[in-house]
Amino acid sequence: MPEPNVPSRAGSATCPAGTDIAYAAECLRSGGLVGMPTETVYGLAAAALQPRAVAAVFEVKRRPHFDPLIVHLSEFDQLPMVATDISAQAYRLAEHFWPGPLTMILPRTTEVPDLVTAGLPGVGVRIPAHPLARRLIAAAGFPVAAPSANLFGGMSPTTAEHVSDGLGGFIDYVLDGGPCSIGVESTVVSLMEDRPLLLRHGGLPLEDLERLIGPISVAALNPDADNSAQPAPGMLSRHYAPRTRMQLISPEAEAQPVPGARSVLLTWGNAPIAPGFDRIHSLGPAEDLRICAAGFFAALRMLDALSPDVIIARQFVDFGLGRALNDRLRRGSAGSEPNQAH
Ligand code: TXA
Ligand code: MG
């Protein structure tokens, strides 16, 4: 068993991976870190109520402490351990969308370490739908804090290999649950005020939420503001970013390579016949954004690994999962030079 909070394989490139739930749960109990499959993206899991384990998550991810972590539960019954004063609206949302890609910010209990919530009065909570995630949390017997299992600011992992490639030297185990079925992170909604506030577009479309509970305000991301000026922690303008500079084009634009630069194209629908690109990758049919989302981060990683000069990426129509995908594209390209074409 690993020493508590001492990444046991620091320096080496990989860590053990497999489907041993009992071992993974034991790692968590002793304060270690485990790559956990969820239906959205892989999480970097730690015992949520052990401050030292949570501190190790921030350290390994190189994540700033102002950015709070989501607490994952296996069952609704665990909710009172971490959240209190749960509104009728929150119950309603939980009933319809849990387990699933919805994170709710709810008033926290005093049991939740300050590190988890970045000192905020609310805690982010969700019950993931992936069976291995729920079995792991149930076997551990306590709530599990888990950000996406990537270095801070980078692309989220959607396979066990992605986790191992990025963090393998610093974590104890990766529970391999296969490729994530949704492929973008959970939708984050704050229920701390009377009117619900959407903090992040994600795997559960805004339209589905509004159909159930009516209008939801959407927190505006100001791409020019620095981190401290964002409406919520973690809403950073540059995030989910490949190493390669990324330039966005509108949904209907004709794709053109950048003259004199090795260009690749990330698109959807029928791949265009566009001479001059080193590679053209279509994420899937325009009419099924679930397929596009499921392959999104893997495709971005694949194109990034080709080390082109620029990734030209076609934005989606701002509807349903298209909103979440556009958010990842916009933040992934923020700060890319020269300014992106819209
Ligand atoms: O799908 C997901 O949500 C994945 C899987 C592993 O569950 N997790 C994930 O975590 O994407 P992370 O840490 O990469 O992004 C969580 C974001 C934070 O950056 C922050 O914006 C928001 O959720 N968040 C978490 N707790 C919060 C809180 N107490 N108050 C406000 N925002 C919070
Ligand atoms: Mg993340």
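Residues numbered from 1 in each chain as written. Chains lettered and ligands numbered in written order. Predicted model: local features only at pLDDT ≥ 70, side-chain atom pairs only at ≥ 80, totals over all residues. Heavy atoms only, no water.

1. Let's talk about the domain arrangement of the chain
The criterion, for reference: Marked domain ranges trace back to an automatic or database domain assignment. Defined in terms of a 1.4 Å probe, buried area is the accessible area two parts forfeit on being brought together, summed over both. We define a salt bridge as a side-chain nitrogen of Lys or Arg found within 4 Å of a carboxyl oxygen belonging to Asp or Glu.
Taken as a whole, the chain is organised into domain 1 (17-225) and domain 2 (246-340). Surface buried jointly by domain 1 and domain 2 totals about 1,600 Å² across both partners, of which 61% is contributed by carbon and sulfur atoms. If you sort the residues of domain 1 by the area they bury against domain 2, Met155, His201 and Glu207 come out on top, with a joint share of 37%. Linking domain 1 with domain 2 are 2 salt bridges, by the criterion used here.

2. Here we look at the packing of aromatic side chains
Using the following cut-off: Only Phe, Tyr and Trp rings take part, Trp by its six-membered ring, and two of them pair if their centres are within 6.5 Å. Stacked means planes under 30 degrees apart, edge-to-face means over 60, and tilted covers everything else. Only DSSP runs of H or I covering at least 4 residues are called helices, and only runs of E covering at least 2 are called strands; the numbering of each starts at the N terminus. Three exposure classes are used, based on accessible area relative to the maximum for each residue type with a 1.4 Å probe and protein chains only: buried under 20%, partly exposed in between, and exposed over 50%.
Tallied over the full model, the rule gives 6 aromatic pairs. Aromatic side chains Phe76 and Trp98 sit 6.4 Å apart centroid to centroid with 55 degrees between the ring planes, which places their arrangement in the tilted category. Highlighted residues: Phe76 in the loop between strand E4 (70-72) and helix H3 (79-82) and Trp98 in the loop between helix H4 (88-97) and strand E5 (102-107), separated in sequence by 22 residues. Taking relative accessible area as the criterion, Phe76 reaches 33% and is therefore assigned partly exposed. Trp98 sits in the buried class, given a relative accessible area of 8%. Pairwise contacts between aromatic rings join Phe76, Tyr91 and Trp98 into one cluster.

3. A look at the nonpolar core
Short version of the rule: By convention a nonpolar core is built from buried Ala, Val, Leu, Ile, Met, Phe, Trp, Tyr and Cys residues, the set being connected through side-chain atoms within 4.5 Å. In this description, contact between two residues means that some pair of their heavy atoms is separated by no more than 4.5 Å.
Residues Leu93, Leu102, Met104, Ile171 and Leu209 are the most contacted members of the largest nonpolar core, which totals 67 residues. Sort the elements by how many residues they give to this core and helix H2 (residues 51-61) lands first, with 6 residues. Excluding residues within four positions of it along the chain, Leu102 makes contact with Leu93, Phe97, Val125, Arg126, Ser186, Thr187, Val189, Leu204 and Leu209. Membership of the second largest hydrophobic core comes to 24 residues, among which are Ile182, Leu266, Trp268 and Phe297.

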